[in-house]
Amino acid sequence: MKVVFIAPFGIRPKGTVLARMVPLAVELQRRGHEAVIVAPPYTNPESSGTVEVVRGVPVKNIVLGPKHKAVAAPFLAWRLFRAALAEKPDLVHLFKPKGYGGLTAMLQLCCERLGIRMPPLFLDTDDWEGKGGMNDQLQYSAAERQLYAFQEQWLPPRVRGVTVASRMLEELHLQMGIPRERLLYLPNCVDDTPAGDGEKIRRRLGIAPETPVLLLYTRFFEFSQEKLHLIFAEARRRVPGVRFLVVGKGRHGEEAELLAAARADGFEDALIVAGWIEPAELPDYLAVADLAIYPFADTLLNRCKCPAKLTELLRAGVPVVADAVGQINEYIVHERSGVLCDADDWQGMVERTVELLHDPARREAIGREGRRYLLEQFRWNMFAEKLELFYKYPIGR
């Protein structure tokens, strides 16, 4: 079987393609199938018109069109459509129902309606895109918001099957009237990889081996910044010598807000903002941590998300104190493989964080169990097998 994955954007710098599409493609190829990714590389335009191989998977970057979004849309949709069909696939799997890829899928479905033979079309969704979701987070025009909300509702009932990254997305698609048999729960998973070299990064950052490090691995927008400031300020006051390592980049200058709060609240001397880290170095930075926090506000957007960053932390054996929202409840068994908190109880997260910073033995046990549970329950090879069966046996339209 030959599968073409249609990517929502280029392979860099966003993580969806590397964290979700490529591992699935790798596992399908291990199972004897052929997988190709077709991508519109507007996030990495230097790759326009090129072919690269990532972990043995061909990534075919279409030629970009005009720079203006509205003008470029039909060009990119047509080029994605042509590039996907040129592979002569047995099926096409679109990742994210919106934007250029969504237009490509709509074009394919329209061709089917006209009686033109097309390969079966599947859809993957890992976010809620419309009202209450990504539409409210990103600076889209009014027309873009309307289009994305429409695509998210129009496409799923019309494709052969839908893969969903979270239980909440599963529920929302059931509410659209999609039969359960045409839905596959396909969360973000991991492969077993060795731990990074935390000591190397500690030396680079000037952190002594015995210094406790509290990690935040984040994009910032998923929680209240005031909550983060409270946790850091309280931990600095109650845990002598603690350092805070922040890995990740905000969308709206949250780092500057954090630095201002650090100066005002007295934890500036403990704060290290590392920013965006190259994927190859991420395991080393995660290995620095003695404990990580994962604040996650209880919103529709977060309940639908499947946080890949959390899986990276757990795979690295980092003990995590997280808010019990949405998919996080699937990844963490409370008090065994992590610690779950009420998202609205800010002080509760403070107390559990401080408690674990004072208890190395408990941290080690939680980190070890967190990694074991994740690798036991959420391995890409397990879910690739389910995906393979889903491709063969979903109920037809």
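Residues numbered from 1 in each chain as written. Predicted model: local features only at pLDDT ≥ 70, side-chain atom pairs only at ≥ 80, totals over all residues. Heavy atoms only, no water.

**Structural notes on the overall build of the protein**
Secondary structure summary: the protein contains 15 helices and 14 strands in total. Taken over C-alpha atoms, the radius of gyration comes to 22 Å for the protein, in line with the 21 Å a tight globule of 397 residues would show. Based on the C-alpha atoms only, the size of the protein along its principal axes is roughly 70 × 40 × 40 Å. Within the span of the protein, comprising 397 residues, buried residues form 55% of the whole. Restricting to contacts in the protein with at least 6 residues of sequence separation, those with at least 24 account for 72%. Within the structure as shown, the protein displays about 16500 Å² of accessible surface, and the carbon and sulfur contribution to it stands at 53%. Separation between the mean location of the 52 positive side-chain charges and that of the 51 negative ones in the protein comes to 7 Å. (Helix = DSSP H or I, 4+ residues; strand = E, 2+ residues; numbered from the N terminus. Rg over C-alpha atoms; globule rule 2.2 N^0.38 Å. Buried < 20%, exposed > 50% of the residue type's maximum accessible area, 1.4 Å probe, protein only. Contact = heavy atoms within 4.5 Å. Areas by Shrake-Rupley, 256 points an atom, 1.4 Å probe, with all protein chains shown as cover. Lys, Arg positive; Asp, Glu negative; His and termini not counted. Charge placed at Lys NZ, Arg CZ, Asp CG, Glu CD.)

**Some details on the sheet that holds strand β3 (residues 51–54)**
Ordered by their spatial adjacency, eight strands build an open sheet running β3-β4-β2-β1-β5-β6-β7-β8, and the pairing between neighbours is mixed. Sheet topology places β3 and β8 (183–185) at the edges, where each strand pairs with a single neighbour. Neighbour-to-neighbour, the strand axes of the sheet open up by a mean angle of 25°, direction not taken into account. The pairing of strand β6 (residues 121–125) with strand β7 (residues 161–164) spans four bridges and is classified as parallel. Counted as the bridge partner of Phe 122 is Gly 161 from β7. Against the sheet, helix α1 (residues 16–30) contacts β1 (2–6), β2 (34–39), β3, β4 (57–61), β5 (91–95), β6 and β7, and its axis sits at roughly 155° relative to β2. Where helix α5 (residues 167–175) meets the sheet, its contacts fall on β6, β7 and β8, and the angle it forms with β8 comes to roughly 170°. (Pairing = 2+ DSSP bridges. Axes fitted to C-alpha atoms, helices over the stretch in contact; angles between N-to-C directions.)

**Remarks on the side chain of Ser 337**
Looking at the element boundaries, Ser 337 is found in the loop between α12 (328–331) and β14 (339–341). One polar contact links the side chain of Ser 337 to the main-chain amide nitrogen of Val 333, over a distance of 2.7 Å. Sequence-distant contacts of Ser 337, defined by excluding residues within four places in its chain, comprise Leu 314, Tyr 331, Ile 332, Ile 366, Glu 369, Gly 370 and Tyr 373. (Polar contact = N/O pair within 3.5 Å; in protein donor to acceptor, adjacent residues only side chain to side chain.)

**Looking at the layout of surface pockets**
One number sums up the size of the second largest pocket: a volume of about 150 Å³. Along its surface, the second largest pocket is lined by Ala 195, Leu 286, Ala 287, Ala 289, Asp 290, Ala 316, Gly 317, Val 318, Pro 319, Pro 360, Arg 363 and Glu 364. The biggest single contributor to the lining of the second largest pocket is helix α14 (residues 360–377), with three residues. (1 Å grid on protein atoms, 1.4 Å probe; cavity = no way out; pocket = protein on both sides within 12 Å on 5 of 7 lines; lining within 4 Å. Points joined across faces, edges and corners; volume = space filled by probe spheres on them.)

**Description of the nonpolar core**
If you look at soluble globular proteins, the nonpolar side chains tend to sit buried side by side. Phe 5, Ile 37, Val 320 and Ile 332 are the most contacted members of the largest nonpolar core, which has 66 residues in total. Sort the elements by how many residues they give to this core and α1 lands first, with seven residues. Not counting the four nearest positions on each side in its chain, Ile 37 is found in contact with Phe 5, Ala 7, Val 17, Met 21, Val 22, Val 57, Pro 58, Val 59 and Lys 60. (Core = buried A, V, L, I, M, F, W, Y, C linked by side-chain atoms within 4.5 Å.)

**Some points on the sheet that holds strand β10 (residues 243–247)**
The strand order across the open sheet formed by six strands is β11-β10-β9-β12-β13-β14, and the pairing between neighbours is parallel. Two strands bound the open sheet, and with one partner strand each, they are β11 (271–275) and β14. The mean inter-strand angle of the sheet, taken between neighbouring strand axes irrespective of direction, is 20°. Where strand β9 (residues 213–217) and β10 come together, five bridges link them in parallel fashion.

**Section: helix α4 (residues 142–154)**
Count 3.6 residues to each turn of an α-helix, and residues three or four apart come out pointing the same way. Helix length check: α4, at 13 residues, gives a terminal C-alpha distance of 18 Å against a target of 18 Å (1.5 Å per residue), a fit within 8%. Taken together, the buried positions of α4 are occupied by Glu 144, Tyr 148, Gln 151, Glu 152 and Trp 154. In this fold, the buried residues of α4 make contact with α2 (69–86) and α3 (99–113). (Expected span 1.5 Å × (residues − 1).)

**Things to note about the packing of helix α7 (residues 225–238) against helix α13 (residues 346–357)**
Direction vectors running N to C along α7 and α13 enclose 35°, while the axes themselves pass 9 Å from each other. Pair α7 / α13 crosses with right-handed handedness. Along its contact with α7, which presents Glu 226, Lys 227, Leu 230, Ile 231, Glu 234, Ala 235 and Arg 238, the element α13 presents Trp 346, Gln 347, Met 349, Val 350, Glu 351, Val 354 and Leu 357. A breakdown of the residues in the contact of α7 with α13 according to their chemical character gives eight nonpolar, one polar and five charged. (Left-handed = near helix turned anticlockwise from the far one by under 90°. Nonpolar A, V, L, I, M, F, W, Y, C, P; charged D, E, K, R; others polar.)

**Things to note about the pattern of salt bridges**
Scanning the model with the defined rule gives 35 salt bridges in all. Arg 303 is the partner of Asp 298 in a salt bridge, and the nearest nitrogen-oxygen pair spans 2.9 Å. Accessibility expressed as a relative area gives 28% for Arg 303, which makes it partly exposed. (Salt bridge = Lys/Arg side-chain N within 4 Å of Asp/Glu carboxyl O.)

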